[in-house]
Amino acid sequence: METPSFTKTANVQLAKAMMDLLPPSASITHQYATACQALHLQREQVVSTLERNWDLQTHRETAREQLVEYYHQISSPPVSTIMVAGNKWLGSKFEWRDALGLGRACKDSCGRLELVNIVYNIGVASAACGREVISARRRADSLPEAKNYFAEAAGAFDHCVELG
């Protein structure tokens, strides 16, 4: 059974772009700057994870966990208000390529493209984890565990359609 591949992205200066959203007269609090930098580092970690050799089962599970954690960060207020729902546009663009890298990159300075690709990659990682559980069959409870992974993958792909 073959699973789809991750979509690819490039690093974005997310912390700087979010800091630039504040008016020049606004004072940047240490807490806001720290939160922006933490989100930037979390995205860099996700990008790095998607580029690694993903043949190892532990890597697939780690990728899934990191993607889910990043998704929760960017889809929850106040970040979702800035990145996706808000009328303001980030100064830098999110860029994503198809899994094979054959097509032109899609770019978006809002956040919808980022959100859809993260959700898609959660689906890919979940499907791969389910496939791994099925092929390994190490435990008696492997089928229900695989079913849960495949259900999560299906939910993620369905959510992509809703977001798109």
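The rules we used
- Residues numbered from 1 in each chain as written.
- Predicted model: local features only at pLDDT ≥ 70, side-chain atom pairs only at ≥ 80, totals over all residues.
- Heavy atoms only, no water.
- Pairing = 2+ DSSP bridges.
- Helix = DSSP H or I, 4+ residues; strand = E, 2+ residues; numbered from the N terminus.
- Contact = heavy atoms within 4.5 Å.
- Axes fitted to C-alpha atoms, helices over the stretch in contact; angles between N-to-C directions.
- 1 Å grid on protein atoms, 1.4 Å probe; cavity = no way out; pocket = protein on both sides within 12 Å on 5 of 7 lines; lining within 4 Å.
- Points joined across faces, edges and corners; volume = space filled by probe spheres on them.
- Nonpolar A, V, L, I, M, F, W, Y, C, P; charged D, E, K, R; others polar.
- Buried < 20%, exposed > 50% of the residue type's maximum accessible area, 1.4 Å probe, protein only.
- Expected span 1.5 Å × (residues − 1).
- Arc of directions from axis to C-beta.
- Phe/Tyr/Trp six-rings, centres within 6.5 Å; stacked < 30°, edge-to-face > 60°.

Student: I tried to follow the sheet that holds strand 3 (residues 106–108) on my own but got confused; where do I start?
Tutor: Within a sheet, adjacent strands bond to each other through the backbone by hydrogen bonds, running parallel or antiparallel. Read across the sheet, three strands follow the order 1-2-3 without closing on themselves; strand pairing throughout is antiparallel. Edge positions in the sheet fall to strand 1 (8–9) and strand 3, since each of these pairs with one other strand and no more. Note that strand 1 and strand 2 (residues 94–97) share two bridges and pair antiparallel. Looking at the pairing, lysine 8 lines up with arginine 97 of strand 2. Here helix 5 (residues 112–136) sits on the sheet and contacts strand 2 and strand 3; the angle it forms with strand 2, its principal contact strand, is near 40 degrees.

Student: Would you mind going over the layout of surface pockets with me for this structure?
Tutor: Think of a ball as big as a water molecule: rolled over the atoms, this probe shows where empty space is left. The computed volume of the largest pocket comes to approximately 180 Å³. Around the largest pocket sit eleven residues that line it, and Met18, Ala35, Cys36, Pro78 and Val79 are the ones nearest its centre. When residues of the lining of the largest pocket are traced back to their parent elements, those giving at least two are helix 2 (30–51) and helix 4 (79–85). Per-element accounting of the lining of the largest pocket gives the leading share, six residues, to helix 2. Each residue belonging to the lining of the largest pocket can be placed in one class, and the counts come to nine nonpolar, two polar and no charged.

Student: Explain the pairing of strand 2 to me, please; I cannot follow it from the model alone.
Tutor: Regular strands have side chains that alternate between both faces of the sheet. Because side chains alternate across strand 2, one face comprises the buried residues Phe94 and Trp96, and the other comprises Glu95 and Arg97, none of which is buried. Sheet topology note: the strand 2/strand 3 ladder contains three bridges and is antiparallel. By the bridge assignment for strand 3, phenylalanine 94 is matched with aspartate 108.

Student: Would you take a moment to explain helix 6 (residues 142–163) for this structure?
Tutor: Since there are 3.6 residues in each turn of an α-helix, residues three or four apart along the chain are aligned in direction. Taking 1.5 Å of rise per residue, the 22 residues of helix 6 would be expected to cover 32 Å, and the 31 Å separating its terminal C-alpha atoms lies within 8% of that figure. Of the residues making up helix 6, those classed as buried are Ser142, Ala146, Tyr149, Ala153, Ala156, Cys160 and Leu163. Each buried residue of helix 6 sits inside an arc of 115 degrees when the element is viewed along its axis, so together they form one side. Residues of helix 6 that are exposed and angled more than 90 degrees away from the buried face: Leu143, Lys147, Val161 and Glu162.

Student: Just checking my understanding: could you explain the packing of aromatic side chains for this structure?
Tutor: Remark: the centre distance and the inter-plane angle together describe each pair of aromatic rings, the angle taken between the planes. For the structure shown, the criterion picks out one aromatic pair. Judged by centre distance (5.6 Å) and plane angle (50 degrees), the rings of tyrosine 120 and phenylalanine 157 are tilted. Residue tyrosine 120 is found in helix 5, and its partner phenylalanine 157 is found in helix 6; the two are separated by 37 residues along the sequence. Tyrosine 120 gets classed as partly exposed once you look at its relative accessible area, which sits at 23%. Classification of phenylalanine 157 as partly exposed rests on a relative accessible area of 28%.

Student: Honestly, helix 5 in this entry has me stumped. Any pointers?
Tutor: The terminal C-alpha atoms of helix 5, which comprises 25 residues, lie 36 Å apart, in line with the 36 Å expected from a rise of 1.5 Å per residue. Across the 25 residues that make up helix 5, a large majority, 19, are buried.

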